[in-house]
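Fold and geometry: a report
Each chain is listed here by its residues.
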Amino acid sequence: MVADITERFASSMAAANVESTRVEAAAFEAALEEVVESPAVGAPLGIEGVSLEDTAVTVPPTPRLLMDAETGVTRVHGGIAEYGTFVIQSDAEGTEPVSLYPRTHVGVVRASDLHEDVESVAAWLDEEFDAGRDSAILATGASATGDMGEIVRGVHGPQTVHAIVITDR
């Protein structure tokens, strides 16, 4: 079941021009090293056995580091397999700005946090909002706008996105 949903999530992300890597927690640091461009900043991931502590990612970022960063690494609190969408919740550690300001966002999501569709994410978010965690971004792929005619990437957020799915969490 978990393998099926991670496969659908990866397929949907590929359709949105987002690369993804599926690894077990023990291989996280090596996978991260492959996709991070320095300087990099991050917010604490809060995933058992997965940390930014021994990586090239600075946690927590100062406003200056955040402004100069090429890569931002954050936890993704949920994913929608149907669309390859990240659900990123706001928190005091700065997850939201770290996901939006650098040119590249690397989102780290547990396979167990993936949902099949929008309806199941809405039900989960309803519970989260009731618990007081009432702010979240839903992001599918890189930021883009067609307001000026031609598609322009990176206007409201990252120009590129990469997902690391932790398959044993």
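Preceding this section is the structure that the text describes.
So, a few notes on the structure that sits alongside this text. Here the structure is a predicted model, which means the values were calculated and not measured. (Residues numbered from 1 in each chain as written. Predicted model: local features only at pLDDT ≥ 70, side-chain atom pairs only at ≥ 80, totals over all residues. Heavy atoms only, no water.)

1. Observations concerning the overall build of the protein chain
Which entries qualify depends on this criterion: Secondary structure is summarised from DSSP: a helix means a run of H or I of at least four residues, a strand means a run of E of at least two, and numbering begins at the N terminus for each. Note that the radius of gyration is over C-alpha atoms, with the globule rule given as 2.2 Å times the number of residues to the power 0.38. When a residue's accessible area, from a 1.4 Å probe over protein chains only, is under 20% of the maximum for its type it is buried; when over 50% it is exposed; and in between it is partly exposed.
Looking only at helices and strands, the protein chain features five helices and twelve strands. At 15 Å, the protein chain has a C-alpha radius of gyration in line with the 15 Å of a compact globule built from 169 residues. The dimensions of the protein chain, computed from C-alpha atoms along their principal axes, are 45 × 40 × 30 Å. Counting all 169 residues of the protein chain, 45% fall into the buried class.

2. Digging into the sheet that holds strand S4 (residues 71-75)
The line we're drawing: Any two strands between which DSSP finds at least two bridges are classified as paired. The contact criterion used throughout is that any non-hydrogen atoms of two residues lie within 4.5 Å. Only the stretch in contact is used when a helix axis is fitted, and all axes are lines through C-alpha atoms; the angle between N-to-C directions ranges over 0 to 180 degrees.
Taken in spatial order, the six strands line up as S1-S12-S7-S4-S2-S3 in an open sheet, and their pairing is parallel. Every interior strand has two partners, whereas the edge strands, strand S1 (19-23) and strand S3 (57-58), have only one. Where S1 meets strand S12 (residues 160-166), five bridges bridge the pair, whose relative direction is parallel. If you follow Ser-20 over to S12, its bridge partner there is Ala-163. Lying over the sheet, helix H2 (residues 28-35) contacts S1, S3, S4, strand S7 (104-110) and S12, oriented at roughly 170° with respect to S12.

3. Notes on the environment of Glu-7
The residue Glu-7 is located in helix H1 (residues 2-15) in this model. In this structure, the C-alpha to C-alpha distance between Glu-7 and Arg-22, residues 15 residues apart in sequence, is 9.2 Å.

4. Concerning the environment of Ile-166
For Ile-166, the position within the fold is in strand S12. Relative accessible area serves as the criterion here: at 0%, Ile-166 is assigned to the buried category. Residues within four places of Ile-166 in sequence aside, it is in contact with Val-23, Glu-24, Ala-25, Phe-28, Val-50, Val-108, Val-109, Arg-110 and Ala-111.

5. Digging into the sheet that holds strand S5 (residues 78-80)
With respect to topology, four strands assemble into an open sheet ordered S8-S5-S6-S9, the strand pairing being mixed. Each edge of the sheet is formed by a strand with only one pairing partner; in this case those strands are strand S8 (114-115) and strand S9 (136-139). In the sheet, S5 pairs with S8 via two bridges, with the strands oriented parallel. Across the sheet, residue Gly-79 finds its bridge partner in S8, namely Leu-114.

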